Amino acid sequence: MGRVTERRRTIRIRDGVVSTRPDTLVAEEPLEIRLNGRPLAITMRTPGDDFALAAGFLVSEGVIGDGSEVQSIVYCAGATADGVNTYNVVDVKLAPGVEVPDITLERNVYTTSSCGLCGKASLDAVRTTTRHPIADAPPVRVEPALLSALPDRLREAQRVFDRTGGLHAAALFTETGELLDIREDVGRHNAVDKLVGRALTDNRLPLSRAILLVSGRASFELAQKAVMAGIPMLAAVSAPSSLAVDLAAETGLTLVGFLRGPSMNVYAGDHRIALEATVGQG
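Remember, it's a predicted structure, so these values are computed and weren't measured experimentally.

### Some details on the overall build of the protein
Inference 1: Looking only at helices and strands, one finds six helices and 13 strands in the protein.
Inference 2: Here the protein holds 282 residues, and the buried ones make up 48% of them.
Inference 3: Accessible area of the protein: about 13300 Å², with a carbon and sulfur share of 51%.

### A closer look at the sheet that holds strand β8 (residues 168-174)
Inference 1: Strand order across the open sheet formed by six strands is β9-β8-β10-β11-β12-β13, with mixed pairing between neighbours. A single partner strand is all that each edge strand has here, and the edge strands are β9 (179-185) and β13 (263-268). When strand polarity is set aside, the average angle formed by the axes of neighbouring strands in this sheet is 20°.
Inference 2: Two elements, β8 and strand β10 (residues 210-214), share five bridges in a ladder whose sense is antiparallel. Bridge pairing links Thr174 to Ala210 in β10.
Inference 3: Most of the contacts of helix α4 (residues 188-201) go to β9, to which it runs at about 140°, and overall it touches β8, β9 and β10.

### Describing the pattern of salt bridges
Inference 1: Enumeration according to the criterion identifies 13 salt bridges in this entry.
Inference 2: Arg131 is the salt-bridge partner of Glu69, the closest N and O atoms lying 2.5 Å from each other. With Glu69 in the loop between α1 (50-60) and β5 (70-75) and Arg131 in the loop between β7 (109-111) and α2 (144-157), this residue pair connects regions lying 62 residues apart in the sequence.
Inference 3: Judged by its relative accessible area of 44%, Arg131 is partly exposed.
Inference 4: Each member of the salt-bridge network shares a partner with another, and the members are Asp49, Asp181, Arg183 and Arg198.

### Things to note about the pairing of β13
Inference 1: Note: strand β12 (residues 254-260) against β13, four bridges, orientation antiparallel. Looking across to β13, one finds that Leu255 is bridged to Ala268.
Inference 2: Where β12 folds back on β13, the antiparallel hairpin that results is connected by two residues, among which Gly261 adopts a positive phi of roughly 60°.

### Some words on the packing of aromatic side chains
Aromatic ring pairs are described here by two measures, namely the spacing of the ring centres and the angle between the planes.
Inference 1: Evaluation of the coordinates by the stated rule reveals two aromatic pairs.
Inference 2: Judged by centre distance (4.9 Å) and plane angle (45°), the ring pair of Phe51 and Tyr75 falls under tilted. In this pair, Phe51 is assigned in helix α1 and Tyr75 in strand β5, connecting sequence segments 24 residues apart.
Inference 3: Using a relative accessible area of 32% as the deciding quantity, one classes Phe51 as partly exposed.

### A look at the packing of α1 against α4
The geometry of a pair of packed helices is captured by two quantities: the angle between their axes and the separation between those axes.
Inference 1: Running from amino to carboxyl end, α1 crosses α4 at an angle of 95°, the nearest separation of the two axes being 6 Å. Viewed along their axes, α1 and α4 adopt a mutual orientation that is roughly perpendicular. On α4, the residues that touch Ala52, Leu53, Ala55, Gly56, Phe57, Val59 and Ser60 of α1 are Asn190, Asp193, Lys194, Val196, Gly197, Arg198 and Leu200.
Inference 2: A class-by-class count of the residues in the contact of α1 with α4 yields seven nonpolar, four polar and three charged.

### Observations concerning the environment of Phe258
Inference 1: Assignment of secondary structure puts Phe258 in strand β12.
Inference 2: With a relative accessible area of 29%, Phe258 lands in the partly exposed category.
Inference 3: Separated by 19 residues in the primary sequence, Phe258 and Ala239 place their C-alpha atoms 5.6 Å from one another.
Inference 4: If we skip the residues at most four places from it in the chain, Phe258 touches Ala236, Val237, Ser238, Ala239, Pro240, Ser263, Met264, Asn265 and Tyr267.

### Overview of the packing of helix α5 (residues 220-228) against helix α6 (residues 242-251)
Inference 1: Where α5 meets α6, the axes come as close as 7 Å, and the angle between the chain directions of the two elements is 25°. Comparing their axes, α6 and α5 come out roughly parallel. In the crossing of α5 with α6, the sense of the turn from one axis to the other is right-handed. Contacts from Phe220, Ala223, Gln224 and Val227 of α5 reach α6 at Leu243, Ala244, Leu247 and Thr251.
Inference 2: Classifying every residue of the contact of α5 with α6 by side-chain character gives six nonpolar, two polar and no charged.

Conventions adopted
Residues numbered from 1 in each chain as written. Predicted model: local features only at pLDDT ≥ 70, side-chain atom pairs only at ≥ 80, totals over all residues. Heavy atoms only, no water. Helix = DSSP H or I, 4+ residues; strand = E, 2+ residues; numbered from the N terminus. Buried < 20%, exposed > 50% of the residue type's maximum accessible area, 1.4 Å probe, protein only. Areas by Shrake-Rupley, 256 points an atom, 1.4 Å probe, with all protein chains shown as cover. Pairing = 2+ DSSP bridges. Axes fitted to C-alpha atoms, helices over the stretch in contact; angles between N-to-C directions. Contact = heavy atoms within 4.5 Å. Salt bridge = Lys/Arg side-chain N within 4 Å of Asp/Glu carboxyl O. Phe/Tyr/Trp six-rings, centres within 6.5 Å; stacked < 30°, edge-to-face > 60°. Parallel < 35°, antiparallel > 145°, perpendicular 65-115°, else oblique. Nonpolar A, V, L, I, M, F, W, Y, C, P; charged D, E, K, R; others polar. Left-handed = near helix turned anticlockwise from the far one by under 90°.

And the structure:
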């Protein structure tokens, strides 16, 4: 099975001084996801939590929405011509009676670590109707000061990042700031899928009282994954995309960007942010 990190020889140049030393790098390997034995998608990921990644991907694609719909998730033995198990092919078998979607060439997806939407025919193809509409009642309500503290808590929990500096992270927090789960991956969308997939297998969907924090930007795809899991609030340390803001406004998702220290921008769903001061125009 692939490791999370690997060592490579590197030449270091520091203030004109040249030296050689091994460097710790984050591992990146392909994962093929099969559904009932049929290829569905390939994603470049950091090995680890592969079953959760596959399950979370199927949630975000609208294939499944409950842990009872999965009969098994296994690595495929003999995944290569010589019969070697590479631990890079996962097969998800749906439970009896669960409808298998029509897997066409249009639906097949090749995702890279930087673009989870590559291969989609159009944006309309990913506007899947969620089984877990955002309906937190009463609404999650969070103080800005609590949100401001979350990036540091995320950073403190990033174990692999400290050794490589090359991983994205995604974390789930309670509305009181308690860390529920954290996952790291070379792809930010994979890190979120791992969180959602773990919640699915633990029968914790929908995540209707959770805050999702991501270490990078908030893309349309990440907003979609939050909506598909019933998460009411997505916060990112960097910028959101325009489509992410549009999707948040349409679905009732609270979207926070540029979460850095006491500063942040709220792009949608501000009713979940406990704002004491009068909002001015600027």
